[in-house]
Amino acid sequence: MNSIKANVVVDAKGLSCPMPIVKTKKAMNDLEAGLVLEIQATDKGSKADIKAWSESTGHQYLGTVEEENVLKHYIRKASNDDMLEKNHPNVINNDELEIKLKDNDKIVVLDVRETAEFAFNHIPEAISIPLGDLEGRMGELNKDNEIYVICRTGNRSDLAAQKLDENGFSKVFNVVPGMSQWTGKTTGLNK
């Protein structure tokens, strides 16, 4: 049984990315420094998303407990209320990526969505490394390549781009708004 005490509980059950993060951000804004937030989610990808978001904002990710198919994520609010969420500075839009794909075969498209999302629909040239696996699989990427990181909406890809940048990848770009509005070529189980 869960004996972890949270000061505020956010219900994000049944919601998929980016909604658990959106609800977490809103609740965190109203929370006093030092207090603990519990986010209840059913989206398996929320574990990596919430952990990465916490790290990018400076809040303390305490951990995740699974109870009866509900992931309970715990975050302690940082003591600096003026903390601003970091965003990766290099951003391009979908149209710009589509042009780069047509003009240059030396770029890498890194899709950080969950493997199921990727399987059903993805850019043909893309490499699949879910956000939660990125830390352990960075060695599969070449630091000299231009890497264009994409997800469904631009949130997970932003966190992944920051993580790559922190690890010495200097030519990293976040693609927004991502696959939710991608009109270029795709492949997958639905094709």
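Everything numeric here is computed off the predicted structure, so don't read it as measured data. Positions within a chain are numbered from 1, following the residues in the order the chain's sequence is written. It should be noted that, the model being predicted, local features are given only for residues of pLDDT at least 70 and side-chain atom pairs only at 80 or more, the latter also being counted only at that level, while totals for whole chains, interfaces and linings use all residues. Heavy atoms throughout the structure, all of them, feed into the side-chain values; hydrogens and water do not.

J.: Hey, could you go over the nonpolar core for me, with residue numbers and the actual values?
T.: Residues belong to a common nonpolar core when they are buried Ala, Val, Leu, Ile, Met, Phe, Trp, Tyr or Cys residues joined through side-chain atoms within 4.5 Å. When accessible area is computed with a 1.4 Å probe and restricted to protein chains, residues below 20% of their type maximum are described as buried, those above 50% as exposed, and intermediate ones as partly exposed. Counting residues in hydrophobic clusters, the biggest one holds 31 residues, and the most contacted among them are Leu110, Leu134, Leu141, Ile147, Val149 and Leu164. The numbering of helices and of strands both runs from the N terminus, where a helix is a DSSP run of H or I of at least 4 residues and a strand a run of E of at least 2. Elements that contribute at least two residues to this core include exactly β1 (8-12), α1 (19-30), β2 (36-41), α2 (46-57), β6 (107-111), β8 (146-150) and α6 (155-166). With twelve residues, the next largest nonpolar core counts Val109, Ile123, Val175 and Trp182 among its residues.

J.: Report on the sheet that holds β1, specifying residues and quantitative values.
T.: Any two strands with at least two DSSP-identified bridges between them are counted as paired. Strand order in the open sheet formed by four strands is β1-β2-β4-β3, and the pairing between neighbours is mixed. With partners counted over all chains shown, the strands left at the sheet margins are β1 and β3 (60-67), one partner each. Within this sheet the neighbouring strands show an average axis-to-axis angle of 20 degrees, counted without direction. In terms of strand pairing, β2 meets strand β4 (residues 70-76) through six bridges, oriented antiparallel. Within β4, the residue paired with Glu38 across the bridge is Tyr74. In the packing of α1 onto the sheet, the strands contacted are β1, β2 and β4, and the crossing angle to β1 comes to about 155 degrees. Every axis corresponds to a line fitted to the C-alpha atoms, with the helix fit spanning only the stretch in contact, and the corresponding angles, defined between N-to-C directions, vary from 0 to 180 degrees. Should any heavy atoms of two residues lie within 4.5 Å, those residues are counted as being in contact.

J.: So what's going on with the pattern of salt bridges? Residues and values would help.
T.: When the charged atoms of two side chains lie near each other, side chains of opposite charge can form a pair. Any carboxyl oxygen of Asp or Glu within 4 Å of a side-chain nitrogen of Lys or Arg constitutes a salt bridge here. With the rule as written, the count across this model stands at nine salt bridges. Across the pair Arg113 and Asp111 runs a salt bridge whose closest N-O atoms are separated by 2.8 Å. Owing to a relative accessible area of 1%, Asp111 belongs among the buried residues under this scheme. In this structure, Glu135 and Lys163 form a salt bridge, with 3.4 Å as the shortest nitrogen-oxygen distance. Of this pair, Glu135 sits in helix α5 (residues 134-137) while Lys163 sits in helix α6, and the two are 28 residues apart along the sequence. Owing to a relative accessible area of 17%, Lys163 belongs among the buried residues under this scheme.

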